Structure formats: structure tokens, C-alpha cells
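# A look at the structure
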Amino acid sequence: MKNDSFNYDFIVTLKDVNMYGTAYFARYFEWQGICRELYFITVPNFQEILRDVVLVTKYAWNDYRKQIHVFDHLLVKVQNRSIKRSSFEMMFTYINKKTNEVVSVGGETLIFMNSKGNIVRIPEGIIQVIKKHPYVE
Amino acid sequence: MLDKNKLKSIIGETLGVKEENIKEDSKFIDDLGADSLDVTELVLSIEDQFNIKIPDEEVGKFKTVKDLIVYLEGRGV
């Protein structure tokens, strides 16, 4: 299958690192949040979809593999797996653009709830987009 | 008449359990290892496979396989 992904790249800056110039672990989750937002705004009519449902993170994780440092240039590939009727896992692969090494892999299991707090089907408009970017290890 | 074998197959596939371990008195959470998201996924799968719509408020009432059978039979599935 073609390795399509939504890509976000950025440079690690001083606010992201400790006194040794190494990125804080918590930043990976922040970057995942940014990637997720930027990914979802590519969904046609996403704001309209959110009038009926809310997006909920059921579970989030990050497997930290190599240190990254201030001014490293990172690429985050956003893809999806375990796409079911009511949930899917959004995957984040962090790549150091200079070395082309995978420095971290993360994931978030996402669900949607209606105004009564019931878990509902993934909206069709979102299904159509997430299926375009299947996770490839 | 409800096709219980089909239902058992859907439950097994959705929850990742062997069909021989699925009994009518099996509790989804305690016996079959499901969580609330799994039960929702199961109900949505049943909707698709049996071509019915199950109201959201019913989902929380399904504690055992028997609950589901009684509900589906009541709906004339």
C-alpha cells in the first residue's frame, strides 16, 4: 500500500529543551496535539462536524527512541490504524530530517461522543480522510 | 428468527474472543474482557450486520449476551 501521510515539519527551539539542549518528553505530546489539529482542519467541513460531536482522546502514548536537540529539524508523519466504527488510532512518526532516523513513535486512540456523552460512529467525513493515510511501519 | 450463530460470530470477531467461550450468560465486561468502547463497537457492528438502528440509550443496558439476544428478538431481528 502506498505510504501516504500527512506531514508536519518544524525546528526544535529553545522553549522545547532543557539546560542540556535535549527536548522535554512532554513536548512530544504537545507536538502530537498540534499535528492532530492541523490534520483535522484538512477534513472538509470539520467545524460543522464538531457541532454534533466532540473528539475525545481515549488513550495516548509515545515511544521515545532517541534524543533530539535544540535546532534539530523534525518531520512528523501522521497516519492512522485500527480504524473501526467507533474509534481509530492516530499514529505519529517523528523523523530527524538530518539523519533520517525515527526518533519517536506515538499514538492516540480517538473516539467521538455526542452531547449526551454516548460514544458514536466516527463521522463519515472523517472516515474518508483517515483512510487515505494508513499507518505503515 | 435471530441467527444466534451469526450474533456469536459478530461478538467473537468484535471482541477478539473465541466463539466457544461466548455463552448466553457471559458478561461483556467481566467475562469477555470488553470495555465500554468495545460494547459500543459491538452494537454498531450489529446495526450494520442486522440492518437495524439501536438507540444510544439502549447500549448501556447490554450487560450480557442474553440481554442482547432478548433485545434483538424483541426488535424482531
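For the structure, see preceding data.
The structure displayed is predicted, hence computed values, not measured ones.

### Description of the overall build of chain B
Each helix and strand counted, chain B has 4 helices and 0 strands in total. Counting from the amino terminus, helix and strand elements in chain B follow one another as α-α-α-α. On C-alpha atoms alone, chain B measures out to a radius of gyration of 11 Å, which is about the 11 Å that the 2.2 N^0.38 rule sets for 77 residues. In terms of principal-axis extent, the alpha carbons of chain B reach across some 25 × 25 × 20 Å. By the burial criterion, 22% of the 77 residues in chain B qualify as buried. Counted over contacts in chain B with a minimum sequence separation of 6, partners at least 24 positions apart contribute 51%.

### Structural notes on the overall build of chain A
Broken down by element type, chain A carries 3 helices and 6 strands. Each helix and strand of chain A, ordered N terminal to C terminal, gives the series β-α-α-β-β-β-β-β-α. Taken along its principal axes, the extent of the C-alpha atoms in chain A is 45 × 35 × 25 Å. Here chain A, with 137 residues, has 30% of them falling under the buried criterion. Within chain A, contacts between residues at least 6 apart in sequence are counted, and of these 69% link residues at least 24 apart.

### Things to note about the environment of Leu72(B)
Residue and element names in this part refer to chain B. Structurally, Leu72 is set in helix α4 (residues 65–74). Note on Leu72: 18 C-beta atoms within 10 Å, which makes it partly exposed. Counting along the chain gives 28 residues from Leu72 to Leu44, while the straight-line C-alpha distance between them is 13 Å.

### Section: helix α1 (residues 25–40) of chain A
With 16 residues, α1(A) extends 24 Å between its outermost C-alpha atoms, agreeing within 8% with the 22 Å of an ideal straight helix rising 1.5 Å per residue. Tucked into the core, α1(A) has its buried residues touching β1 (6–11), α2 (46–49), β2 (54–64), β3 (73–81), β4 (87–96) and β5 (101–113) of chain A.

Conventions adopted
Residues numbered from 1 in each chain as written. Chains lettered and ligands numbered in written order. Predicted model: local features only at pLDDT ≥ 70, side-chain atom pairs only at ≥ 80, totals over all residues. Helix = DSSP H or I, 4+ residues; strand = E, 2+ residues; numbered from the N terminus. Rg over C-alpha atoms; globule rule 2.2 N^0.38 Å. Buried ≥ 20, exposed ≤ 12 C-beta atoms within 10 Å, placed from the backbone. Contact = placed C-beta atoms within 7 Å. Expected span 1.5 Å × (residues − 1).

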